[in-house]
Amino acid sequence: MIYRTDYHVHSTYSDGRSVPDDYIRSALAAGLSEIGFSEHLTLFKDTEDWNMNPVNIFPYINHIKALQQSTTGIKIKIGLEVDYFAGKEDEISAFLFPLPLDYIIGSVHYLGDKTVDFGPEFYEGKSIDRLFKSYFESVIKASGSGLFDIIGHCDLIRIYGHKPSADLEPLYRRLAITMKNNNVAFEVNTNGRNRPLADFYPDRRFLHIFREENVPVCVNSDAHMPMRVGQYFDEAYELLRYIGFTEMAVFDKRKRSLVPF
Ligand SMILES: [Zn+2]
Ligand SMILES: [Zn+2]
């Protein structure tokens, strides 16, 4: 059996449509070896409906722990998808440190007060080159922060299909080198296929850079509904194999190992 994991899944503890139990059924049906939950957690912003209220952190962890006890045939992991804010590293670290997590996904959704996936109007009247640059600077800082095990959808700024005129290769290169130097994995996030972008994150034209810099990889669905668990994984693994990847990152209690695929 091919070993496959899906570490980026949202249940009703944040903005997903179903309870965790339903995602596990779907993961078993998809033949996954592991499923990991990664509810949205955004400190420092008013709690919005797409985020888990921090007071629910232990009910969430205990719910997943109970499922670990009661489920056979698949490994269940406990994670979070945490928003990165430059300058807030100490507070984020203090919140996360005591939690018994298997991995933490660090994501940049916010540029200023708004999220880059809020709507196409976010981009109106703004310099696309400048937005891409700021987005990458923030993701590079997140990668070097020491807070995270995986970086989520590292080029989410592509969501509405904008094409900067500047050469992006140096930004991807710096990002990949920072990830490698800080022991952080990137994800091929297949949910981009369901968004206006209609393709995976990161940009497949630059995947070779992550390979050249030897950055560990995970394939994740970012599913917000059970039917999307493991979605498009055959294609994602085929793409990675074509680029030259042969192993993927697997996490347990924040320790990473590599498994061949
Ligand atoms: Zn996200
Ligand atoms: Zn997500």
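See the structure printed just above.
Scope of this entry: the structure provided in the associated data block. These numbers come from a predicted model, not from an experiment. (Residues numbered from 1 in each chain as written. Chains lettered and ligands numbered in written order. Predicted model: local features only at pLDDT ≥ 70, side-chain atom pairs only at ≥ 80, totals over all residues. Heavy atoms only, no water.)

### Observations regarding the overall build of the chain
Then, number 1: Of regular secondary structure, the chain possesses 7 helices and 11 strands.
Then, number 2: The C-alpha radius of gyration computed for the chain amounts to 17 Å, which stays within 12% of the reference 18 Å derived for 261 residues, consistent with globular compactness.
Then, number 3: Its C-alpha atoms give the chain principal-axis dimensions of roughly 50 × 45 × 30 Å.
Then, number 4: Across the 261 residues in the chain, those meeting the buried criterion constitute 55%.
Then, number 5: When contacts within the chain are restricted to residue pairs at least 6 apart in sequence, those whose partners lie at least 24 apart make up 75%.
Then, number 6: Roughly 11,300 Å² of accessible area belongs to the chain as shown, and the carbon and sulfur atoms make up 50% of that amount.
Then, number 7: Across the chain, the mean location of the 29 positive side-chain charges is 3 Å away from that of the 36 negative side-chain charges. (Helix = DSSP H or I, 4+ residues; strand = E, 2+ residues; numbered from the N terminus. Rg over C-alpha atoms; globule rule 2.2 N^0.38 Å. Buried < 20%, exposed > 50% of the residue type's maximum accessible area, 1.4 Å probe, protein only. Contact = heavy atoms within 4.5 Å. Areas by Shrake-Rupley, 256 points an atom, 1.4 Å probe, with all protein chains shown as cover. Lys, Arg positive; Asp, Glu negative; His and termini not counted. Charge placed at Lys NZ, Arg CZ, Asp CG, Glu CD.)

### Digging into the pattern of salt bridges
Then, number 1: Scanning the entire structure with this criterion turns up 18 salt bridges.
Then, number 2: Between Arg174 and Glu137 there is a salt bridge; the shortest N-O distance is 2.9 Å. Residue Arg174 is located in helix 5 (residues 169-181), and its partner Glu137 is located in helix 4 (residues 128-144); the two are separated by 37 residues in the primary sequence.
Then, number 3: As a salt-bridge pair, Arg254 and Asp149 come within 3.0 Å of each other at their nearest N and O atoms. Of this pair, Arg254 sits in the loop between strand 10 (247-252) and strand 11 (255-260) while Asp149 sits in the loop between helix 4 and strand 7 (150-151), and the two are 105 residues apart along the sequence.
Then, number 4: We classify Arg254 as partly exposed; its relative accessible area is 33%.
Then, number 5: Residues joined by salt bridges that share partners form a network here, namely Asp155, Arg158, Asp203 and Arg205. (Salt bridge = Lys/Arg side-chain N within 4 Å of Asp/Glu carboxyl O.)

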